[in-house]
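Each chain is listed here by its residues.
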Amino acid sequence: MRIIGGKYRGKNLFSPGSDLVRPTSDRAREALFSILRSKLGFDFSSLKLVDVFAGSGAFGLEAMSQGFAEVALVDIDPQPLQKNVRLFSAETARIKVIRADACRLPAAPNAYDVLFMDAPYRKNLSEPALKELAAKGWLKNGALCLIEVHKDELLVLPPFFEQTDERRYGI
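Worth saying up front: this structure is predicted, and the values here are computed from it rather than measured.

### A look at the pairing of strand S1 (residues 48-52)
Here's step 1: Of all five residues in S1, four are buried; the element is thus mostly enclosed.
Here's step 2: Regarding topology, helix H2 (residues 58-65) serves as the crossover connection from S1 to the parallel strand S2 (residues 70-75), and that connection is right-handed.
Here's step 3: As defined by bridge partners, S1 adjoins strand S4 (residues 112-118) across four bridges and the pair is classed as parallel. Looking at the pairing, Leu-49 lines up with Val-114 of S4.

Structural data, given as structure tokens:
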């Protein structure tokens with residue numbers, strides 16, 4: 001597992017030591033950043049991203065490497081991602097680690113422009129987490145939300161979210 005682009009391109013990350021953490025593949029991350037560039041442009045320097053169910057932190061750390069002003073990594077057990085965060089000691093001001101249950105979040109420390117969410121598959125956590133993020137002020141009005149689910153999992157969006165695109169990669 002490695003950073004695929006930006007300032008830290010090629011930097012190796014620690015792979016999770018547990019089957020419970022399922023990092024987004026390099027190929028899928030590359031595709032997702034292409035989508036972000038097509039929707040937001042190439043300059044991410046004024047944008048903040050929150051990675052919910054962050055797991056290894058790979059997606060959020062990729063966003064930091066590719067120029068996001070700030071990334072927040074939210075997970076109920078942040079220990080697996082802490083090893084990767086420590087690899088970026090020069091970026092501590094731009095990386096926030098938040099230990100929290102995505103379905104019972106505290107009030108937002110910031111409102112974020114972009115959400116990446118990769119909940120455990122087949123647990124129906126995406127919809128309640130989206131409701132919680134919106135209710136607790138984690139998302140700016142018009143935030144772009146990238147939601148990863150298993151190909152056989154039905155994603156039901158809360159009424160105040162609008163699906164604009166769908167892509168399929170692997171499982």
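### Focus on the state of the cysteines
Here's step 1: All told, the structure shown has zero disulfides when counted by the stated rule.
Here's step 2: For the unlinked cysteine Cys-103, the closest cysteine sulfur is that of Cys-145, found at 15 Å.

### Things to note about the pattern of salt bridges
Here's step 1: Applying the stated criterion to the full structure yields 10 salt bridges.
Here's step 2: For the salt bridge of Glu-62 with Arg-29, the shortest nitrogen-to-oxygen distance reads 2.9 Å. Of the two residues, Glu-62 is situated in helix H2 and Arg-29 in helix H1 (residues 26-40); the sequence distance between them amounts to 33 residues.
Here's step 3: According to the relative accessible area criterion, Glu-62 is buried, its value standing at 0%.
Here's step 4: Given a relative accessible area of 0%, Arg-29 falls into the buried group.

### Description of the packing of H1 against H2
Here's step 1: Interaxial distance between H1 and H2 falls to 11 Å at its minimum, and their mutual angle equals 50°. Compared by their axis directions, H1 and H2 come out oblique. Crossing handedness for the pair H1 and H2: right-handed. Facing H1, whose interface residues are Arg-29, Leu-32, Phe-33 and Leu-36, H2 presents Ala-58, Phe-59, Glu-62 and Ala-63.
Here's step 2: For the contact of H1 with H2, the per-class residue count stands at six nonpolar, no polar and two charged.

### Observations regarding the sheet that holds S4
Here's step 1: Spatially, five strands are ordered S3-S2-S1-S4-S5 in an open sheet, and the strand pairing comes out parallel. The strands lining the two open edges of the sheet, one partner per strand, are strand S3 (95-99) and strand S5 (139-148). Neighbour-to-neighbour, the strand axes of this sheet turn through a mean angle of 20°, independent of strand direction.
Here's step 2: H1 contacts S4 and S5 of the sheet and is inclined by roughly 155° relative to S5.

### A look at the nonpolar core
Here's step 1: The biggest cluster of nonpolar side chains holds 27 residues, and the ones touching the most others in it are Leu-36, Phe-59, Leu-61, Phe-68, Phe-88 and Ile-95.
Here's step 2: For this core, the secondary structure elements donating two or more residues are H1, H2, S2, helix H3 (79-85), S4 and S5.
Here's step 3: Looking at this core, the element that brings in the most residues is H2, giving five residues.
Here's step 4: Setting aside anything within four residues of it in sequence, one finds Phe-59 in contact with Arg-29, Leu-32, Phe-33, Leu-36, Leu-49, Asp-51, Phe-116 and Leu-146.
Here's step 5: Ranked by size, the runner-up nonpolar core spans 19 residues in total, among them Val-50, Val-52, Ala-102 and Leu-105.

### A closer look at unusual backbone geometry
Here's step 1: The phi torsion at Arg-122 lies on the positive side, around 60°, for a residue other than glycine.
Here's step 2: Inspection of the secondary structure assignment puts Arg-122 in the loop between S4 and helix H4 (126-135).
Here's step 3: Since its relative accessible area comes to 56%, Arg-122 is described here as exposed.
Here's step 4: One non-glycine residue, Asn-124, lies in the positive phi region at around 55°.
Here's step 5: Residue position: Asn-124 is located in the loop between S4 and H4.

### Let's talk about H2
Here's step 1: Counting buried positions over the eight residues of H2 gives eight, a clear majority of the element.
Here's step 2: Of the residues making up H2, those classed as buried are Ala-58, Phe-59, Gly-60, Leu-61, Glu-62, Ala-63, Met-64 and Ser-65.
Here's step 3: Looking one or two places after H2, you find Gly-67, whose phi comes out positive at around 110°.

The rules behind these values
Residues numbered from 1 in each chain as written. Predicted model: local features only at pLDDT ≥ 70, side-chain atom pairs only at ≥ 80, totals over all residues. Heavy atoms only, no water. Buried < 20%, exposed > 50% of the residue type's maximum accessible area, 1.4 Å probe, protein only. Helix = DSSP H or I, 4+ residues; strand = E, 2+ residues; numbered from the N terminus. Right-handed = clockwise from strand over helix to strand, strands pointing away. Pairing = 2+ DSSP bridges. Disulfide = S-S within 2.5 Å. Salt bridge = Lys/Arg side-chain N within 4 Å of Asp/Glu carboxyl O. Axes fitted to C-alpha atoms, helices over the stretch in contact; angles between N-to-C directions. Parallel < 35°, antiparallel > 145°, perpendicular 65-115°, else oblique. Left-handed = near helix turned anticlockwise from the far one by under 90°. Contact = heavy atoms within 4.5 Å. Nonpolar A, V, L, I, M, F, W, Y, C, P; charged D, E, K, R; others polar. Core = buried A, V, L, I, M, F, W, Y, C linked by side-chain atoms within 4.5 Å.

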